[in-house]
Structure formats: C-alpha cells, structure tokens
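# Fold and geometry: a report
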Amino acid sequence: MRARELAKSCDFTVLRAGVTAADLAVHCADAARLHVASVVVPPAMARTAADILRGGDVKVGTVVSYPFGTDDPRAKALAARAAIAAGARELDVVMDVSALLAGRAGVARAGIGAVVDAARDATSQHVMVRAVVEAPLLGERLLRAACQAATVAGADFVVTATGLAGPARTQDVEVMR
C-alpha cells in the first residue's frame, strides 16, 4: 500500500479540552498536506473545519454524545443534524454503554439508530456513522451485544473505544471481528 493510500484510511483527531482556533487551523492544514481521510473535531468546530478544508479531499468528522453516550436518542439525532448542517460528513456516536450494562440493549441501539436515521435524512450525501462501543468496559458477551446493536441500528463501522475508559485490547478486536 502506498503512503497516500494509507493516509486515506486514517482519521486525524483533535478531541481534547482547550482546542483553540489556531490549533484547529494547524490541524486542518496538516490534514490537507497529508491527505488523510478526515479530521475529527469537537462539534462546535465542525463548521470552521469544513470552511478551512472546503475544496480539498479531507472530510470533516465530529462526535455525537461524546464522551459518555448517555444522551437521549432525540438529543443525539438533533446533534447529528446540527453537525451535518455544519459540514460534518462522518459522525462518531458514542453508544450508551450504561444502558447496555444495565441490560437495556434496546436503549443503546436506539441512540445509534437515531443518529443513523438523522444522517440519512439530513443530506443526499452519504454520512458515515461509526458507533463507539467502549470495549474496555465490556466483557465478551456484552461486546458482542454492542456490536450487534450497532449493526442492527445501521452503523457503518464499530469503533473500539474513545480511549477515556482505557485502551482497547487485542482480544476486544478479536471479538469484534
């Protein structure tokens, strides 16, 4: 695989407290120079990132219900529509793992489904929706249930974790395959 092809499979993320407009400008310039697939930015910075990257080959992504995933599905859908209106074409929605741990997989699935539906209804362009399942918090059975819920809800991809609950492990990825 060539370097440019590899870069097109990479997201370049800047999700942290204290990100400034200057940080975002540098981040987007680096992303454009490297021709990565997308930048993932805080929701409030999606429009600015889209403006900076307009006309280039780097998509803008943002997060929904980050970092805990506990927002009501209607709030998740509203946030997704706002992000798309701001120019985001990739959404990383954090699953409500608390609901999943409490035996309420339907609630976790509904949150992902609300974002998928909002993304499909908001624009004629495909908006990629990735479900973040926080694998480090789940055992094998619940991780399988989380992946199944994300799949049934229509997510394009399942992401191991935000990183805030600990790093994903090799065995998590093996279960998710």
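In short, a report on the structure. (Residues numbered from 1 in each chain as written. Predicted model: local features only at pLDDT ≥ 70, side-chain atom pairs only at ≥ 80, totals over all residues. Heavy atoms only, no water.)

The strands making up a sheet associate through backbone hydrogen bonding, with each pair oriented either parallel or antiparallel. Across the sheet, which stays open at both edges, the 6 strands sit in the order β1-β2-β3-β4-β5-β6 with parallel pairing between neighbours. Two strands lie at the open edges of the sheet, namely β1 (11-13) and β6 (157-159), each paired on one side alone. The mean inter-strand angle of the sheet, taken between neighbouring strand axes irrespective of direction, is 25 degrees. The sheet contacts of helix α4 (residues 73-85) involve β3 (59-64) and β4 (90-94), and relative to β4 the element is tilted by about 160 degrees. (Pairing = 2+ DSSP bridges. Helix = DSSP H or I, 4+ residues; strand = E, 2+ residues; numbered from the N terminus. Axes fitted to C-alpha atoms, helices over the stretch in contact; angles between N-to-C directions. Contact = heavy atoms within 4.5 Å.)

Further remarks concern the side chain of Asp 172. Checked against the element boundaries, Asp 172 lands in helix α8 (residues 170-176). Residue Asp 172 is classed as buried on the basis of its relative accessible area, which comes to 3%. For Asp 172, the contacting residues outside a window of four places in its chain are Ala 135, Pro 136 and Leu 143. (Buried < 20%, exposed > 50% of the residue type's maximum accessible area, 1.4 Å probe, protein only.)

Let us look at the environment of Asp 57. Secondary-structure assignment places Asp 57 in the loop between α3 (46-53) and β3. Considered as a pair, Asp 57 and Glu 174 are 117 residues apart in the sequence and their alpha carbons are 32 Å apart. Ignoring sequence-local partners within four residues, the contact set of Asp 57 consists of Arg 4, Lys 8, His 35, Val 36 and Ala 37.

Interpretation note: all reported values are geometric properties and have no functional meaning in isolation.
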